[in-house]
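For reference, the chains in residue letters:
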Amino acid sequence: IVWCPTLPNHTIIIRRNGKILVSYQSDKEMRKSWGEIFMAAEYVKNEYPSVYRDMKFFAHTDPEDPKGVSLQALAHKHGVLNAFAFEDTHIHTVGIPDSEMNLLYNSFDLLLTPSKREGFGLPILEGMATGLPCLGHNFSSMPDLIGHNEERGWLAKTKMYQDTPIIATTGV
């Protein structure tokens, strides 16, 4: 059981073969909430160590892409590097064949999509097409895709909104 005060009923219960497998597909822009993901993993590690031991995160992104911060260094800073598996740089560059995407999505228990703003959110649709529940941010396109009543996953509450340098609004 993972406790999250911003979600309905304050709990998420997701287990498969004794492990909780979480996927996140994203580039390394700050709006994709990587820092918050690592902080949340650190929180679970400190407050619920038995749950943390059963969690494994797969990050479908190049962790050392020069466009953003080093995700491996950030995970290490929060003491959660051992819970994260980062995609091989070659696979990220070449991509995963469409014929294997269904197998990949079906290997996970949860698709994490906490972006602070999204134009559309194709990974959410891909995950839902396989029946994978999604955890997203209650902002931008995510409520329309995930639903408001735990229809296809859960939405975290938006605490505040801020304007960005590109004249966009970001939910935090």
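These numbers come from a predicted model, not from an experiment. Along each chain, residue indices are assigned from 1 in the same order as the chain's sequence is written. Note on the predicted model: pLDDT of at least 70 is required for a residue's local features to be given, and 80 or more for side-chain atom pairs to be given and counted; whole-chain, interface and lining totals, by contrast, use all residues. Where side-chain values are given, they derive from all heavy atoms of the structure, hydrogens and water being excluded.

*Asks:* Explain a nonpolar patch on the surface to me, and be specific about the residues and the numbers.
*Replies:* Residues enter patches when they are more than 30% accessible in relative terms and free of salt bridges; like-charged ones are connected within 9 Å and nonpolar ones (Val, Leu, Ile, Met, Phe, Trp, Tyr) within 5 Å. For the accessible areas, the method is Shrake-Rupley and the probe is 1.4 Å, while residue cover comes only from the protein chains on display. When a carboxyl oxygen of Asp or Glu lies within 4 Å of a side-chain nitrogen of Lys or Arg, that pair is called a salt bridge. Taken together, the side chains of Phe120, Leu122 and Leu125 present a nonpolar region at the surface, about 270 Å² in accessible area. Helix numbers and strand numbers start at the N terminus; a helix is a DSSP run of H or I with at least 4 residues, a strand a run of E with at least 2. Relative to the helices and strands, Leu125 is located in helix 6 (residues 122–129). Burial status follows relative accessibility: with a 1.4 Å probe on protein chains alone, a residue under 20% of its type maximum counts as buried, one over 50% as exposed, and anything between as partly exposed. Accessibility expressed as a relative area gives 32% for Leu125, which makes it partly exposed.

*Asks:* Describe the nonpolar core, naming the residues involved and giving the relevant values.
*Replies:* Only buried residues count toward a nonpolar core, which is a set of Ala, Val, Leu, Ile, Met, Phe, Trp, Tyr and Cys residues joined through side-chain atoms within 4.5 Å. Judged by nonpolar contacts, the single largest core of 22 residues is most densely connected at Phe38, Phe57, Val80, Phe84 and Phe86. Mapped by element, the contributors of at least two residues to this core are helix 1 (34–47), helix 2 (49–53), strand 4 (55–60), helix 3 (71–77), strand 5 (84–86) and strand 6 (110–113). When residues in this core are grouped by element, the largest group, 5 residues, is from helix 1. Residue contacts for Phe86: discarding those within four places in its chain leaves Phe38, Ala59, Pro63, Leu71, Gln72, Ala75 and Leu81. Counting residues in each nonpolar core, the second largest holds 14 residues, with Met101, Tyr105, Cys134 and Ile146 among its members. Here, residues are in contact when the closest pair of their heavy atoms is within 4.5 Å.

*Asks:* Any details on helix 6? Residues and values, ideally.
*Replies:* Among the residues of helix 6, Ile124, Gly127 and Met128 are the ones counted as buried. Projected down its long axis, helix 6 shows its buried positions confined to an angular sector of 95°, all on one face. Structurally, helix 6 contributes buried residues whose contacts are with helix 5 (98–106), strand 6, strand 7 (134–137) and helix 7 (142–146). Gly131 lies just past helix 6 and shows a positive phi near 85°. As used here, the arc belongs to the directions running from the helix axis to the C-beta atoms.

*Asks:* Give me the lowdown on the packing of aromatic side chains, citing residues and values where you can.
*Replies:* The geometry of an aromatic ring pair is captured by two quantities: the separation of the ring centres and the angle between the planes. Each Phe, Tyr or Trp ring, with Trp reduced to its six-membered ring, pairs with another whose centre is within 6.5 Å; inter-plane angles below 30 degrees give stacked pairs, above 60 give edge-to-face pairs, and intermediate values give tilted ones. Inspection of every chain in the model, using the stated rule, returns 6 aromatic pairs. Ring plane angle 10° and centroid distance 4.5 Å describe the contact between Phe57 and Phe84, whose orientation is recorded as stacked. On the criterion of sequence distance, the pair formed by Phe57 in strand 4 and Phe84 in strand 5 is long-range, its members being 27 residues apart. Each member of the pair, Phe57 as well as Phe84, is classed as buried.

*Asks:* Just give me the short version of helix 1, but keep the residues and values in it.
*Replies:* Here the expected length of a helix is defined as 1.5 Å per residue gap, with one fewer gap than residues. When the terminal C-alpha atoms of helix 1 are compared, their 20 Å separation across 14 residues agrees well with the 20 Å that a helix rising 1.5 Å per residue should span. Those residues of helix 1 that sit buried are Trp34, Gly35, Ile37, Phe38, Ala41 and Val44.

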